[in-house]
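What follows is each chain in one-letter form.
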Amino acid sequence: MLWTAITTGALWMAMGKRKLEGSSASFIDCLIDLRFLRIAVIPVALHMFWNSYFLENSGMLKFFITLVITWGVALALISAGYKQIINEQKGIR
């Protein structure tokens with residue numbers, strides 16, 4: 001679920017930035033936006049890491065590496081979202 005949340009958060013962030021800039025905010029435009037792609041590649045890489053045989057016999061190490069990176073990115077996106085809300089309320093662009 002968190003990988004989906006990260007991807008969705010990145011999409012919303014790209015859509016919000018495009019609207020602030022006055023650019024087109026269509027779904028396809030946002031999917032090719034570099035702001036979206038930079039973040040969306042993280043869940044893809046994490047999924048590849050999780051499905052790989054790398055660290056397969058290391059017990060819970062693979063799980064904890066994936067957990068820490070996933071939650072770190074998710075919390076960073078939440079923080080960025082809160083900052084965006086506060087800036088919108090203050091009228092800062």
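Report on the accompanying structure. This one's a predicted model, so the numbers in the text were calculated from it and none came from an experiment.

The rules behind each value
Residues numbered from 1 in each chain as written. Predicted model: local features only at pLDDT ≥ 70, side-chain atom pairs only at ≥ 80, totals over all residues. Heavy atoms only, no water. Helix = DSSP H or I, 4+ residues; strand = E, 2+ residues; numbered from the N terminus. Rg over C-alpha atoms; globule rule 2.2 N^0.38 Å. Buried < 20%, exposed > 50% of the residue type's maximum accessible area, 1.4 Å probe, protein only. Contact = heavy atoms within 4.5 Å. Areas by Shrake-Rupley, 256 points an atom, 1.4 Å probe, with all protein chains shown as cover. Core = buried A, V, L, I, M, F, W, Y, C linked by side-chain atoms within 4.5 Å. 1 Å grid on protein atoms, 1.4 Å probe; cavity = no way out; pocket = protein on both sides within 12 Å on 5 of 7 lines; lining within 4 Å. Points joined across faces, edges and corners; volume = space filled by probe spheres on them. Nonpolar A, V, L, I, M, F, W, Y, C, P; charged D, E, K, R; others polar.

## Let's talk about the overall build of the chain
Working step 1: For the chain, the count of helices and strands is 4 helices and 0 strands.
Working step 2: Taken from the N to the C terminus, the helices and strands of the chain come in the order α-α-α-α.
Working step 3: In terms of overall dimensions, the chain is more spread out than a globule: its C-alpha atoms have a radius of gyration of 16 Å, far above the 12 Å expected for 93 residues.
Working step 4: Expressed along its principal axes, the backbone C-alpha trace of the chain runs to roughly 50 × 25 × 15 Å.
Working step 5: A total of 93 residues make up the chain; the buried ones form 25% of that total.
Working step 6: Pairs at least 24 residues apart make up 45% of the contacts formed inside the chain by residues separated by at least 6 positions.
Working step 7: With an accessible surface of roughly 6,600 Å², the chain has 70% of that area assigned to carbon and sulfur atoms.

## Remarks on the nonpolar core
Working step 1: Ile6, Leu11, Cys30, Phe36, Ile39 and Leu77 are the most contacted members of the largest nonpolar core, which totals 13 residues.
Working step 2: For this core, the elements supplying multiple residues, two or more each, are α1 (2-21), α3 (34-51) and α4 (61-90).
Working step 3: Setting aside residues up to four positions removed in sequence, Leu77 forms contacts with Ile6, Ala10, Met13 and Ile39.

## With respect to the environment of Gln84
Working step 1: With respect to the helices and strands, the residue Gln84 is situated in helix α4.
Working step 2: Among the residues examined, Gln84 registers a relative accessible area of 31% and is labelled partly exposed.
Working step 3: In this structure the C-alpha to C-alpha distance between Gln84 and Lys17, which are 67 residues apart in sequence, comes to 9.8 Å.

## Points about the side chain of Arg35
Working step 1: Counting through the fold element by element, Arg35 comes out in helix α3.
Working step 2: Those residues in contact with Arg35, other than ones at most four positions away along the chain, are Lys17, Arg18 and Glu21.

## Brief notes about the layout of surface pockets
Working step 1: Within this model, the largest pocket holds a volume of roughly 470 Å³.
Working step 2: In terms of lining residues, the largest pocket is bounded by 20 residues, among which Met13, Lys17, Ala80, Gly81 and Gln84 are the most central.
Working step 3: Among the secondary structure elements, those contributing two or more residues to the lining of the largest pocket are α1 and α4.
Working step 4: Looking at the lining of the largest pocket element by element, the count peaks at 10 residues for α4.
Working step 5: In the lining of the largest pocket, the residues fall into 12 nonpolar, 4 polar and 4 charged.

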